[in-house]
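Observations on chain architecture
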Amino acid sequence: MNYLMWDVDGTLLLTGGAGKDALINVIKDYYFLDAFDFTQSLAGRTDSDIVKKVVTRLRGRCNTAEATGILIRYHSELTKQLPLHRGRVLKNVERTLAYFQQPGSKYLNCLLTGNTRTGAQEKLAYYKLDKYFCLDHSVFGEISEDRQELARIAFSRLYLANNQSLSPRQLIFIGDTPNDVLCAQAIGARCLIILDGSSYQRHDFDSCRPWRIIDCLPDDPAQLEKMLNEE
């Protein structure tokens, strides 16, 4: 079996800013702020890293209880914000996921995302994509602040689940940011970058050199499967 480790935001779907606005609303309410905005891009980062840096910025330090409290409120706010924003599933995503879910497929759809498990599930459920993923072999952003550590955890779990007969080449990371590339490279896996929903341009990946870059998922998922089989 091979494992497709899909990122969520910018790769499978765009929420139209619902996640960002939900977190901003929670932070403003939690800290009694009239205004707040992020000083760094959120793309490719884990939710736990984002929240830790916000708390440290506002408090001077961060403790687990405070960060956890913000994330719990964020999940509640996210469900309110998703219907208020004009997000969308990206081109050919659903047909691709359905293709690899067919009986006899040698590829399994999993998630490796900076979203928390709850946040990822809320987004996927809202856009009706949740049924396509094996969550047992997925890894989420609350497990570690470090995206590369998530890759190591994913491989360790799958290695044990496969009776220690798994190669890193059997994991294909599919994302839209340089952090996705570095995540895959941390375990010697391949990374496919899809530019369709990305905030990055092709030249932004020159320094990290992903395995492949494509503009969007092909109309025929068999073409993607052929590419993946080529190694």
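The text that follows walks through the structure, step by step, so that each part is easy to find. Every value quoted in this text rests on a predicted model; they were computed, and no experiment measured them. (Residues numbered from 1 in each chain as written. Predicted model: local features only at pLDDT ≥ 70, side-chain atom pairs only at ≥ 80, totals over all residues. Heavy atoms only, no water.)

1. Topic: the pairing of strand S5 (residues 171-175)
Most of S5 sits out of view: 5 of its 5 residues are buried. Burial of S5 is two-sided: the residues Leu171, Phe173 and Gly175 facing one way and the residues Ile172 and Ile174 facing the other way are all buried. Pairing of strand S1 (residues 2-6) with S5, which is carried by 4 bridges, proceeds in the parallel orientation. When the sheet's bridge partners are listed, methionine 5 is paired in S5 with phenylalanine 173. (Buried < 20%, exposed > 50% of the residue type's maximum accessible area, 1.4 Å probe, protein only. Helix = DSSP H or I, 4+ residues; strand = E, 2+ residues; numbered from the N terminus. Pairing = 2+ DSSP bridges.)

2. Description of the side chain of serine 105
Within the fold, serine 105 resides in the loop between helix H4 (93-100) and strand S4 (107-111). Look at serine 105 and you get buried, because its relative accessible area is 19%. Only 3.1 Å separates the side chain of serine 105 from the backbone oxygen of phenylalanine 100, close enough to count as a polar contact. Within the structure, serine 105 has its side chain in polar contact with the backbone oxygen of tyrosine 107 (distance 3.1 Å). (Polar contact = N/O pair within 3.5 Å; in protein donor to acceptor, adjacent residues only side chain to side chain.)

3. A few points about the sheet that holds strand S7 (residues 212-214)
The strand order S4-S1-S5-S6-S7 describes an open sheet built from 5 strands, whose pairing is parallel. At either margin of the open sheet sits one strand with a lone partner, and together these are S4 and S7. Each adjacent strand pair in this sheet contributes to an overall mean axis angle of 25°, direction not counted. (Axes fitted to C-alpha atoms, helices over the stretch in contact; angles between N-to-C directions.)

On their own, these measurements won't tell you what the molecule is for.
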